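Overview (structure and organization)
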Amino acid sequence: MTQDAQRDLLLRLYRTALLAVDGRRRVRAALAGPQDGATLWVLAVGKAAAAMTLGALDAYGPSLTRALVISRPGHFDPELSRIPSLTCVGAGHPLPDEQSLAAGQAARQFAAEAPPGQRVL
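Residues numbered from 1 in each chain as written. Predicted model: local features only at pLDDT ≥ 70, side-chain atom pairs only at ≥ 80, totals over all residues. Heavy atoms only, no water.

**A closer look at the overall build of the protein**
Secondary structure summary: the protein contains 4 helices and 4 strands in total. At 18 Å, the protein has a C-alpha radius of gyration far larger than the 14 Å of a compact globule built from 121 residues. If one aligns the C-alpha atoms of the protein with their principal axes, the spans along those axes are about 60 × 40 × 25 Å. Across the 121 residues of the protein, 26% fall into the buried class. Taking contacts inside the protein between residues at least 6 apart in sequence as the whole, the part at least 24 apart equals 58%. Accessible area of the protein: about 7,800 Å², with a carbon and sulfur share of 58%. (Helix = DSSP H or I, 4+ residues; strand = E, 2+ residues; numbered from the N terminus. Rg over C-alpha atoms; globule rule 2.2 N^0.38 Å. Buried < 20%, exposed > 50% of the residue type's maximum accessible area, 1.4 Å probe, protein only. Contact = heavy atoms within 4.5 Å. Areas by Shrake-Rupley, 256 points an atom, 1.4 Å probe, with all protein chains shown as cover.)

Okay, structure coming up:
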């Protein structure tokens, strides 16, 4: 195998691996299928939170009625800003900071406001 062929193979494997762990794609696939009409709330935390939330939105559409996304500042997809029922909160990483405390409080409040029986992902 030539060096160019080896490089092409490695690049194809790399792209395949990235697709396999893409947060948006994986969550959309996991939630695919008929929806029962119930609304969905989403609480997503971490570096992949934005992508995972977009995957849930792809699957649930307008049935996703509320979301809280907590991640590092700068890790929010611009597409999220167009969703009025979604709140993005930045938090310090890898070291917790004041933003982290505020994000934790926002998550606690989000959970406390979920009505009994509300589907939350």
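**A few points about helix α4 (residues 98–113)**
In this model, α4 (16 residues) spans 23 Å end to end at C-alpha, consistent with the 22 Å of a helix rising 1.5 Å per residue. Those residues of α4 hidden inside the fold are in contact with β1 (40–45), β2 (64–71), β3 (86–90) and β4 (119–120). Where α4 begins, the side chain of D97 points an oxygen toward the backbone nitrogen of Q99, at a separation of 3.0 Å. (Expected span 1.5 Å × (residues − 1). Polar contact = N/O pair within 3.5 Å; in protein donor to acceptor, adjacent residues only side chain to side chain.)

**A look at unusual backbone geometry**
Residue P94 is reached from H93 by a cis peptide bond, and omega for that bond is 10 degrees. Within the secondary structure layout, P94 lies in the loop between β3 and α4.

**Comments concerning the sheet that holds β3**
In space, the 4 strands of this open sheet follow the order β3-β2-β1-β4, with parallel pairing throughout. The open sheet is flanked by β3 and β4, the only strands paired with a single partner. Bridge analysis of β1 against β2 gives 6 bridges, and the strand direction is parallel. Residue pairing for β2: L43 is matched across the bridge by L68. Running at roughly 170 degrees to β2, helix α3 (residues 49–60) makes contact with β1, β2, β3 and β4 of the sheet. Relative to β2, α4 is tilted by about 160 degrees, and along the sheet it contacts β1, β2, β3 and β4. (Pairing = 2+ DSSP bridges. Axes fitted to C-alpha atoms, helices over the stretch in contact; angles between N-to-C directions.)

**Some words on the nonpolar core**
Most often, soluble globular proteins keep nonpolar side chains buried together rather than apart. With 16 residues, the main nonpolar core has V42, A56, L64, L80 and L86 as its most contacted residues. Among the elements of the structure, β1, α3 and β2 are those that each provide at least two residues to this core. Considering each element in turn, this core owes the most residues, 6 residues, to α3. Those residues within four positions of L64 in sequence are excluded, and the remaining contacts are L40, V42, T53, A56, L57 and S85. Grouped together as the second largest cluster of nonpolar side chains are 8 residues, W41, A91, A107 and F110 included. (Core = buried A, V, L, I, M, F, W, Y, C linked by side-chain atoms within 4.5 Å.)

**Quick word on the pattern of salt bridges**
With the rule as written, the count across this model stands at 5 salt bridges. One salt bridge connects E79 with R24, and the closest N-O pair in it is separated by 3.0 Å. Remark: R24 occurs in helix α2 (residues 23–31) and E79 occurs in the loop between β2 and β3; sequence separation between them is 55 residues. For the salt bridge of D58 with R28, the shortest nitrogen-to-oxygen distance reads 2.6 Å. Note that D58 is positioned in helix α3 and R28 in helix α2, a separation of 30 residues in sequence. Its relative accessible area of 33% is what places D58 among the partly exposed residues. Overall, R28 belongs to the partly exposed group, its relative accessible area being 33%. Among the charged side chains, a network of salt bridges with common partners joins R24, R28, D58 and E79. (Salt bridge = Lys/Arg side-chain N within 4 Å of Asp/Glu carboxyl O.)

Read these as layout, nothing more, since geometry by itself doesn't imply function.
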